[in-house]
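Structural overview for review
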Amino acid sequence: MIERLKIIIRGAVQGVGFRPFVYRLATEMNLKGYVLNSSRGVFIEVEGSSETLKKFLLRLEKEKPPISIIQSLEFQILDVIGYKEFEIRKSEKEEEITTLILPDIATCKDCLRELFDPDDRRYLYPFINCTNCGPRFTIIEMLPYDRPLTSMKNFKMCPDCEREYHNPEDRRFHAQPIACPECGPHIELWNENGHKISEKENCYPLVCELINNGKIIAIKGLGGFHLIVNAADDNAVKELRKRKHREEKPFALMFPDIETVKKICEVNELEERLLLSPESPIVLLRKKSSYELKISEYVAPDNPYLGIMLPYTPLHHIIMRFLGKPIIATSGNLSEEPICIEENEALNRLNGIADYFLVHNRPILRHCDDSIARIIHNREFIIRRARGYAPLPYLIDDELGDNLIAVGGHLKNTIALKKGNQVFISQHIGDLSTLESFNAFKRTLGDFQNLYETNEAKFVGDLHPDYISTKYLKDQSKDYKLIQHHLSHIAACKLENGVKGEALGVSWDGTGYGFDGSIWGSEFFLIDDENFEHIGQFRKFYLPSGEKAIKEPKRTLAGILYEIYGSDILNSAILRSKFNETELKLIVNQIDKKINSPECVSAGRLFDAVSSLIGITDYSNFEGQAAMKLEFSIEKGVDEHYEFEFLKNEIIKINWEKIITGIIKDIEYGIQKSKIATKFHNTLTEIIVEFAKYTNQKKILLSGGCFQNVYLLERTIERLKQESFQVYWHQRIPTNDGGISFGQIAAYNLKNRKLLN
Ligand code: ZN
Ligand code: ZN
Ligand code: FE
C-alpha cells in the first residue's frame, strides 16, 4: 500500500546543501513529493510503500550532509496525495513569523567528544552545550531568545567563552547557554538536610558509590529532578516504591548506551532511531525472553515492556559512563504531582524520599518531564509529549478562525494554544487533583499566553462541570465554549491525520462527561468537517461507590452483573468469592436506591470488570492497571471472540451481555484466563468492525486512552484494513487525555447535527 511520509526538520539544515541532498535521495529511491525550506523548518513529503518510506527516513538521517545538524525531527504517515514527481519547492511567501522556542535538545556528538576528551577545557564539565544542543525551553524567560532573558543571565562569560560566542566560525556562535568550568554553573552533592558534601568533579565517584550502595539520589536535570537508584538492586527499588507511594506503576530506566539496551530488549530500527534522536524520549520496548544483565523485577512488575531512555544531558552522560549500568530515573515527585524543579523545593518535597541531592545552580524556569513514546506499525506513537517536543507547534492546514486557548481535561492535563495555523501544545502537566498540579496548570497557562502573545484568544474546555480546568476557565472568561470529552478525542485524531470529509470516530477511554451528564467512554461519532453526530455507545452499567470502583474493579464487576441479573447477584458465586454478604447487600442496596452508583458506559471500566471477572485482579493501584494486566495476559494466536448485539434505539446501544455470560461459561468450562482475555479483546475489535460496516463509512478514527492497549489497537487496525477500511490512529498527539487540549481546538467549530435538524 502506498502512503505519504511527512517530515518536519528543525536545526542547522539551511544553507548546507540539505535540499539538494533530499532531492537526490528521493529521486534515487524513486519517491515522489517535495522538499521545502521555510522559516519554520524544512518540510519533506514523499510517497511510497511503507517499507521504502521507513528506509528513506533512516537514510535521511544517516546520509545527510556532514555539516547539517538535526535538532528536531517529527514525522507522520498520512494518506496519499498522488505526487507525480519530486521537486524542490520555492519557499512560501513568509507570513507573520512567530519566533520558535526550541525544545531542549539532547547533547550532540561534538559536545560529547569534547566532554570525554581530557585535553578539552570542558572535560567532564556537566553543562557543555553548543548551538546545536542543550537546554532551550527550560531556560528561556521570554523572547527574544537572548542570554539576558535566560536563566544563564547571572553567569558572566569568561574571555574564552566570550570569544567562542562572538566568533561566527565557532560551533558556539551565539549559543546562549554557553558555559565552561571557569564561568558557568556547577554541581554540588548535598545530604538530605541540604548540607554540601562534595562539589564539581569530586561528586561523580561519590554519586556512583552511593548508587552502588543502594541509596536514592535526587538529581537535578534539564526539566526537573529525577530520582535515581540502581535498577538491579531489588531492595533499593522496593524502598523507592515505598517512599514514593508508588506500589506497582512501572519506573522508567536510563541505560548507559544502546548496546546495553539491546541486551535486555528487542529494538527495531525505528526504536533505535527514537532512542538516539535529539528528542531522546523514554521508549517502551519489549523485554527479551531471557537476558544476562539483571534488572530488578520490581522496576515494572508483570510487565512485558520496559520504558527506557538514553542519557540526554552531559551530567547524565558522565554519571552513566562512570557507573556503566542501568538506573531507574523516575520523576522527582510524589505520585501524580508535578516534577520538582528547584533545589530547596526538592529538599522539602522529596524529604524522606531521597537520601542525597545532586544539584546545580542553573535555574530551571519551567518543568518538563521526560516524553514517552513507542513504535506502532512503523509509526511513532507519542504517549506523553514533553521534553524534546514541547513547545514546538503542530501545524494545521486550515486556520480554523479564532485564536484559542484550550485548558484540556483533568488527568494527564496539557493546555494548548492556537494562533493562526499553529497549535502550541504545552508540556505534560499531570493530574489536576493536587494543589501542586493546579498551580503548575495556572503557571503554564500564563506562561504560554506570555510567550505567544495571545490576549485576544477565546477559551475552550471540557464539558465536565467538576473538572478543575473547566471551573478555572469559567472564572477567567465569559466567552468560552465547552466540548464533550470524547468528541475532543475524535476531533484530535481527525485533525492530526489530516482526514477530510466524513468519518466514523471511535472514542474509548476510562471516563468522560457525556451530553446526558452520565459517565461515557465507549462512544461512536459520525464526524465531518463541519458537523458531528453521536450515534452509538455501550449498554449502561453501574459503578457502585463511584470513584472507588475505579480502584476496585470488582465493584464495577458487581455493577455489570447487577445490570444483567438484578438483586440475584446476591447468590453469584463469583461475587461471593470477592465480597462478604454484608458488602454485597450494601452494593445491591446502593444500586437499587441509586445511592452513589452512577450509570456508566465506559469501555475502560468494562476492561476493569472483565479483569476482575476472570480473576486477574480485583484492585487497580494506578489508572488503567487492571486493563493493562488483562492485556499482558493475552495469548497470541487465539482468533475467537464472544457474541454481542447492536440494539437499535435512538442511537445504537451495544449490548455486552453475551460477552459477560460467554466469559462466565468459559470460566465454568475451565478455559484458561489467557484465552478468555484474548477472546475479550478480539470481541472489542469485532464490535468496531461491525459498527464500521453498519455505518457504511470508509474512514475510521480510533482515539481515547483504551487505544494505548497495543493488542487492541494493532488488531483493530489490521482487521479494519482487512475489511478495506481506511484507519487512522494517533501519532504525534497522545491518544490519552494528553491530547484533549488539542482536540478541544480541533472540535471548536463543529456543530451537533442533531440540534441542527
Ligand atoms: Zn553540542
Ligand atoms: Zn567560560
Ligand atoms: Fe479521555
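Above: the structure in question.
Summarised in this report is the structure supplied together with it. Everything numeric here is computed off the predicted structure, so don't read it as measured data.

**Observations regarding the overall build of the chain**
Helices and strands together make up the secondary structure of the chain, namely 24 helices and 32 strands. Projected onto its principal axes, the C-alpha positions of the chain cover 85 × 60 × 55 Å. In the chain, buried positions account for 62% of the 757 residues. For the chain, the share of sequence-separated contacts (at least 6 apart) that also reach a separation of at least 24 residues comes to 72%. Counting only carbon and sulfur atoms, one obtains 47% of the accessible surface of the chain, whose full area is about 29,700 Å².

**Regarding the pairing of strand S30 (residues 699–703)**
Walk down a regular strand and you will see the side chains alternate between the two sheet faces. The buried fraction of S30 amounts to 4 of the 5 residues, a majority that puts the element mostly inside the structure. With respect to chirality, the unit in which S30 leads through helix H22 (residues 710–722) into the neighbouring parallel strand S31 (residues 726–728) is right-handed.

**Quick look at the coordination of the zinc ion (ligand 1)**
Taken together, Cys108 (SG), Cys111 (SG), Cys130 (SG) and Cys133 (SG) make up the full set of protein donors to the zinc ion (ligand 1), lying 2.3 Å away. Taken together, the 4 donor atoms surrounding the zinc ion (ligand 1) define angles of 103 to 118° at the centre, an arrangement classified as tetrahedral. In terms of primary sequence, the donors binding the zinc ion (ligand 1) are separated according to C-x2-C-x18-C-x2-C. In this pair, Cys111 is assigned in helix H3 (residues 109–115) and Cys133 in the loop between H3 and helix H4 (159–166), connecting sequence segments 22 residues apart.

**Regarding the pairing of strand S16 (residues 379–384)**
With 6 of 6 residues buried, S16 is to be regarded as a mostly interior element. Of the strand pairs in this sheet, strand S15 (residues 372–376) and S16 are connected by 5 bridges, and their pairing is antiparallel. What sits directly across from Ile375, in S16, is Glu380. Where S15 hands over to S16, the hairpin turn is made up of 2 residues, of which His377 adopts a positive phi near 50°.

**Brief notes about the packing of aromatic side chains**
Under the criterion given, the structure shown has 27 aromatic pairs. Geometrically, the ring pair formed by Phe691 and Tyr694 is edge-to-face, given 6.4 Å between the ring centres and 70° between the ring planes. Here Phe691 and its partner Tyr694 are both found in helix H21 (residues 673–695), 3 residues apart, which amounts to about one turn of the helix. Given the relative accessible area of 0%, Phe691 is considered buried. On the basis of relative accessibility, which here comes to 44%, the residue Tyr694 falls in the partly exposed class. Among the aromatic residues, those joined into a ring-pair cluster are Trp508, Phe524, Phe538, Phe644, Phe646, Phe691, Tyr694 and Phe707. Its guanidinium or amino end placed over the ring of Tyr34, Arg89 lies 3.8 Å from that ring's centre, counting from NZ or CZ.

**Some points on the environment of Gly223**
Note that Gly223 resides in the loop between strand S8 (217–220) and strand S9 (225–230). Remark: the alpha-carbon pair of Gly223 and Phe448, spanning 225 residues in sequence, is separated by 16 Å. When near neighbours in sequence (up to four residues on either side) are disregarded, Gly223 contacts Thr138, Ile339, Ile341, Ile364, Arg366, His367 and Cys368.

Conventions adopted
- Residues numbered from 1 in each chain as written.
- Chains lettered and ligands numbered in written order.
- Predicted model: local features only at pLDDT ≥ 70, side-chain atom pairs only at ≥ 80, totals over all residues.
- Heavy atoms only, no water.
- Helix = DSSP H or I, 4+ residues; strand = E, 2+ residues; numbered from the N terminus.
- Buried < 20%, exposed > 50% of the residue type's maximum accessible area, 1.4 Å probe, protein only.
- Contact = heavy atoms within 4.5 Å.
- Areas by Shrake-Rupley, 256 points an atom, 1.4 Å probe, with all protein chains shown as cover.
- Right-handed = clockwise from strand over helix to strand, strands pointing away.
- Donors = N, O, S within 2.8 Å, 3.2 Å for Na, K, Ca; no water.
- Tetrahedral: all angles 85-135°; square planar, octahedral: opposite > 155°, others 65-115°.
- Pairing = 2+ DSSP bridges.
- Phe/Tyr/Trp six-rings, centres within 6.5 Å; stacked < 30°, edge-to-face > 60°.
- Lys NZ or Arg CZ within 6 Å of the ring centre and 35° of its normal.

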